[in-house]
Amino acid sequence: MEKAKIMELIGQMSLEDKAKFCSGKDFWRLYSKPELGIPEVMVSDGPHGLRTQAGDQDNLGINDSIKAVCFPAGCAAASSFDRELLCRVGQTLGQEAQAVGVSVVLGPAMNIKRSPLCGRNFEYLSEDPLLAGELAAAEITGIQSQHVGTSPKHFAVNSQEYHRMTSSSNVDERAYREIYLANFETAVKKGHPWTIMNSYNRINGTFACESKDLLTDILRDDWGFDGYVMTDWGAMDEKVWALQAGCDLEMPGPGGQTQKIIDAVKDGTLDEKVLDQAVYRILDVIFRYAEHKVDAAFEYEKDHDLAAEAAENCCVLLKNEDGILPLAKNAKAAFIGQYAEKPRFQGGGSSHINCFRTESALEAASSVVPEAEISYARGFDDSKDEINEALIEEAVEIAKKADYAVIFAGLPDSYESEGYDRKHLRMPEGQNVLIERVAAANPNTIVVLHNGSAIEMPWIGKVKAVLEAYLGGQAVGRAEARILFGLANPSGRLAETFPFHLEDTPCYLTFGGENEEVSFSEGVFVGYRYYSSKNMPVLFPFGYGLSYTKFAYGNLRLSDGSFSESGELTVSVDVTNIGSVPGKEVVQLYIAPPEREPNGIFRPVRELRAFDKIPLNPGESRTVTFSLNARAFAYWNTQLHDWFVESGDYTVEICQDAATVLLSEKVAVSGEKALPYTYTLNTPLGKLMSDPRGQAILSQMQNVFGGGNSDSASEAISDEMTMAMMEGLPLRSLLGFSKDISMASLVELVASLNS
Ligand code: BGC
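Residues numbered from 1 in each chain as written. Predicted model: local features only at pLDDT ≥ 70, side-chain atom pairs only at ≥ 80, totals over all residues. Heavy atoms only, no water.

### Things to note about the layout of surface pockets
Going by this rule: Buriedness of a pocket was judged along seven lines, with at least five required to meet protein on both sides within 12 Å; pockets are open sets of points on a 1 Å grid over the protein atoms alone, cavities are sets where a 1.4 Å probe fits but cannot get out, and lining residues have an atom within 4 Å of a point. Grid points are joined across faces, edges and corners, and a volume is the space filled by probe spheres set on the points. By the criteria applied, helices consist of DSSP H or I runs no shorter than four residues and strands consist of E runs no shorter than two, each listed in order from the N terminus. Amino acids are sorted into nonpolar (Ala, Val, Leu, Ile, Met, Phe, Trp, Tyr, Cys and Pro), charged (Asp, Glu, Lys and Arg) and polar (every other residue, Gly among them). For the domain bounds, the source is a domain assignment made automatically or taken from a database.
The calculated volume of the largest pocket comes to roughly 1000 Å³. Broken down by secondary-structure element, the contributors of at least two residues to the lining of the largest pocket are β24 (635–637), α19 (685–690) and α20 (692–700). With four residues, α19 is the largest single contributor of residues to the lining of the largest pocket. In terms of residue class, the lining of the largest pocket is made up of 15 nonpolar, nine polar and eight charged. Counting the residues that make up the lining of the largest pocket, at least three belong to each of domain 3 (551–670) and domain 4 (685–754). Space inside the second largest pocket adds up to approximately 610 Å³. As for the second largest pocket, its lining consists of 25 residues, of which Leu-130, Thr-186, Arg-609, Asn-629 and Arg-631 are closest to the centre. Breaking the lining of the second largest pocket down by element, the ones donating at least two residues are α5 (129–144), α7 (182–191), β22 (607–616) and β23 (621–628). Residues belonging to the lining of the second largest pocket are distributed by class as follows: eleven nonpolar, three polar and eleven charged. A domain split of the lining of the second largest pocket shows at least three residues from each of domain 1 (3–290) and domain 3 (551–670).

Take a look at the structure:
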């Protein structure tokens, strides 16, 4: 509806009505006003399926919701590295939302995986903001193509569950922009979500719902967001402040602070225009949906098939010794572990879907490979954290009789969920023991994993293959069966690092915080940015994943050997499938910064700046082309409060994963902005030496630096040593070197350098 018409409607609303519209009518519905033609709409979780409640309502996944389809959760979806797939899943979610009358799907959930301990990592996409942002934008585009809104969440810096409603994420400006906001920035600029959900937590002391900096200056003014901001469920603090900051809708409703809004307008504390603006944003989105509402059907079976196809593209093959996988279609295999029969395919909390159907690997195998000889033993009971000798014994027995033992293991629901964090990265001991014992009984042991985030694998050296299926949605079993028996080729790549140990993680010492304050002291060194900068061995790096085929890379070329800030650099590389089966490759482009200048900015050794996923038949070759702009080389400069391109020689790297460079080329980058610098008497001499004007002045003072050293003195200390020592001395220390230098002359020097 046109803006003028909406404003006309607002003009006909009373102050009380307008104040009321700024919160939900109940758990999922917004207020309506039929007399003015404003219809009632509802919102619904999200993010990887619909949790639409018809009966008792809650935000923790406790009460029932309508039957729906569960697609791969964020952890799995991101491993696809596949924008097109995420967009298709989004379109389907949009159609489902139309079918059940949902105006906004609450997702994607896209917070940065700061630590594998975050209880909600299973819903989130990645430790890398580019990957998270691109995939979120694809899903948003898909959903909104059906005239249903989205609500990327939880905005922002909500990377732990512990005390999520009260803790303060204390993050420096650079990490804020480069890591914790960059994902949302891409999602907003490329996906144009209709709404956004602010997080519960405080950011540097201010509740997200009350941060004008976040919700107005950055989100709307910088990024151009034009929808409404809603709170997470129960994330409202002071409603009048929140409205002033740019938070429009309190959820759920009815809010208890409506009277406060009315009073604030009456006593002049709140400008009525601010209220009108919030109501405008809410009505605008209501009409975006209502004017395009269609009678769609919920196509359960069709959507289940898409869930299976999606899961297939998400599984990550982590190990495949001796090419043990894929198995022959008539293989004699023992399926072991409860998750073969009852897969764990989704997490707990607000994203929990009431699936109309699930498909296990055991069930799927009977139709995918009817000729295979499959036996089954439960192996463990995931509701009990115990070592169950009887179940293990039974599993070992069937493993001995089979040619292959395939163990379906992972994390139980109780180990990871919304609302609390994990305490360690271990699998239940009962499952670890099961894997060790089965592997000792059958040398051809394969592990299929169902977990929402990184785990430790103490048994990794004892099994032949590992397939990471994550929480792959209700049809994950079909995907597993097809991959295990070679009807599909795994093409997922890790969207997060798997460290060896929890103690290796960058925020190990500060995760969770103390006294409600969480110091993000690792700064921008999150995930692989930390491990690769430290050249630290990990269990599996970000971007890692194997295939049943092999890909060869060659002919990396840049459109130019130099790049200036306002230009564009085109990078091409040829990729060939040199194996014997069709496969999909994820081509990853990283940028490595110039060598760090003394006292310069610390930067990760490489950062993902572009990626693509391409299908290739055996023998087929394709040229993949990426186009880079200034952002690929920039960091957030805290003096300029803006992106800044430092001049220097950068390296364009085509990588297998964040730890393995395949091809690289240098590019000379020239930045166009200068950084302001104010000289003082405390400016280090090194700074002066790097400034041509300073060099000229210093050369006139040559004798000050020992230019007239005697021979014996210069044997003890070389000119370079002198310079290295002088580098850090403040300008004022020149006073002590020569009687010819006075304080007045230094003050004059500083003034002239600053002029
Ligand atoms: C979650 C949100 C969810 C909302 C509604 C909250 O607990 O953090 O992600 O959308 O509940 O269920």
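After that view of the structure, there is still more to cover.
### Brief notes about the domain arrangement of the protein chain
Partitioning the protein chain into domains gives domain 1 (3–290), domain 2 (310–534), domain 3 (551–670) and domain 4 (685–754). Look at where the C-alpha atoms of domain 1 and domain 4 centre, and you get two points 58 Å apart.

### Quick word on the packing of aromatic side chains
Put simply, the rule is: Only Phe, Tyr and Trp rings are paired, with Trp represented by its six-membered ring, and only when their centres lie within 6.5 Å; those with planes under 30 degrees apart are stacked, over 60 edge-to-face, the remainder tilted. Here's how the labels work: a residue is buried when its accessible area is under 20% of the maximum for its type, exposed when over 50%, partly exposed in between, all with a 1.4 Å probe on protein chains only.
Considering all chains together, one arrives at 22 aromatic pairs under this definition. Taking the centre distance of 6.5 Å and the plane angle of 70° together, the rings of Phe-498 and Phe-540 count as edge-to-face. Remark: Phe-540 occurs in the loop between α18 (528–533) and β18 (551–558) and Phe-498 occurs in the loop between α17 (476–484) and β17 (517–519); sequence separation between them is 42 residues. By relative accessible area, Phe-498 is classed as buried at 0%. Accessibility expressed as a relative area gives 7% for Phe-540, which makes it buried. Consider the rings of Phe-633 and Tyr-650, whose centres lie 5.2 Å apart with planes at 85°: the pair is edge-to-face. Separated by 17 residues along the polypeptide, Phe-633 in the loop between β23 and β24 and Tyr-650 in strand β26 (residues 648–657) bring together distant segments of the chain. By relative accessible area, which is 0% here, Phe-633 ends up buried. With relative accessibility at 0%, the residue Tyr-650 sits in the buried group.

### Quick word on the environment of Gly-461
Here Gly-461 is to be found in the loop between β15 (445–450) and β16 (465–468). Sequence separation between Gly-461 and Lys-319 is 142 residues; the distance between their C-alpha atoms is 9.8 Å.

### With respect to the site of the ligand
Here is the rule: Residues are classed as near a molecule or strand on a simple rule: at least one heavy atom within 4 Å of it. For the purposes of these results, a polar contact is taken to be a pair of N or O atoms within 3.5 Å, where, inside protein, one atom must be able to donate a hydrogen and its partner to accept one; residues adjacent in sequence count only when each atom of the pair is a side-chain atom. For every accessible area listed, the method is Shrake-Rupley and the probe measures 1.4 Å; residues are considered covered only by the protein chains on display.
In the neighbourhood of the ligand, 15 residues make up the surrounding shell, with Asp-45, Arg-120, His-154, Asp-232 and Glu-418 lying closest. Contact between the ligand and Arg-51: an oxygen atom at 3.2 Å from a side-chain N or O atom of the residue. Taking Tyr-200, its side chain carries an N or O atom lying 3.2 Å from an oxygen atom of the ligand. Relative to its unbound accessible surface of 310 Å², the ligand loses 100% to contact with the protein. Partitioning the shell around the ligand into residue classes produces five nonpolar, three polar and seven charged.

### Section: the sheet that holds strand β14 (residues 404–410)
What counts here: When DSSP finds two or more bridges between a pair of strands, those strands are recorded as paired. Helix axes are fitted only over the stretch in contact, all axes being lines through C-alpha atoms; the angle between N-to-C directions runs from 0 to 180 degrees.
Ordered in space as β10-β16-β15-β14-β11-β13, the six strands form an open sheet in which the pairing is mixed. Since the sheet does not close on itself, it has two edges, and those belong to β10 (316–320) and β13 (373–377), each with one partner. Sheet twist, expressed as the mean angle between neighbouring strand axes with direction ignored, is 20°. Direction of pairing for strand β11 (residues 332–336) relative to β13: parallel, over a ladder of five bridges.

### Quick look at the side chain of Asn-451
The condition is simple: It only takes one pair of heavy atoms within 4.5 Å for two residues to be counted as in contact.
Mapping Asn-451 onto the fold places it in the loop between β15 and β16. A polar atom in the side chain of Asn-451 sits 2.7 Å from the backbone oxygen of Ser-453. Side-chain polar atoms of Asn-451 contact the side chain of Glu-468, separated by 3.1 Å. Residues contacting Asn-451, with those up to four places away along its chain left out, are Cys-75, Arg-344, Leu-411, Glu-416, Glu-468, Tyr-470, Leu-471 and Phe-498.

### Here's the deal with the nonpolar core
Rules: For the purposes of this section, nonpolar cores are sets of buried Ala, Val, Leu, Ile, Met, Phe, Trp, Tyr and Cys residues that join through side-chain atoms within 4.5 Å.
If you look at the biggest cluster of nonpolar residues, it comprises 141 residues, and the most contacted ones within it are Trp-233, Leu-283, Phe-335, Ile-336 and Met-457. Among the elements that take part in this core, helix α11 (residues 272–290) stands out by supplying ten residues, more than any other. Among all residues touching Trp-233, those that are not within four sequence positions of it are Phe-27, Trp-28, Val-43, Asn-59, Leu-106, Met-165, Met-197, Tyr-200, Met-251 and Pro-252. Judged by nonpolar contacts, the second largest core, of 54 residues, contains Cys-209, Trp-223, Phe-542 and Leu-608.

### Observations regarding α11
Because each turn of an α-helix spans 3.6 residues, side chains separated by three or four positions end up pointing in the same direction. This is how it is decided: Helix span, expected: 1.5 Å multiplied by one less than the number of residues in the helix.
Taking 1.5 Å per residue, 19 residues should reach 27 Å; α11 reaches 26 Å between its end C-alpha atoms and fits that length. With a side-chain oxygen lying 3.0 Å from the backbone nitrogen of Lys-273, the N-terminal cap of α11 falls on Asp-271.

### Some points on empty space enclosed by the protein
Inspection of every chain in the model, using the stated rule, returns five cavities of 30 Å³ or more. Taken as a whole, the largest cavity holds about 140 Å³ of empty space. His-48, Pro-72, Ala-77, Leu-86 and Glu-139 are, among the 18 residues lining the largest cavity, the residues nearest its centre. Looking at the lining of the largest cavity, the elements that each hand over two or more residues are α3 (74–79), α4 (83–100) and α12 (300–314). With four residues, the top contributor of residues to the lining of the largest cavity is α4. Classifying every residue of the lining of the largest cavity by side-chain character gives 14 nonpolar, two polar and two charged.

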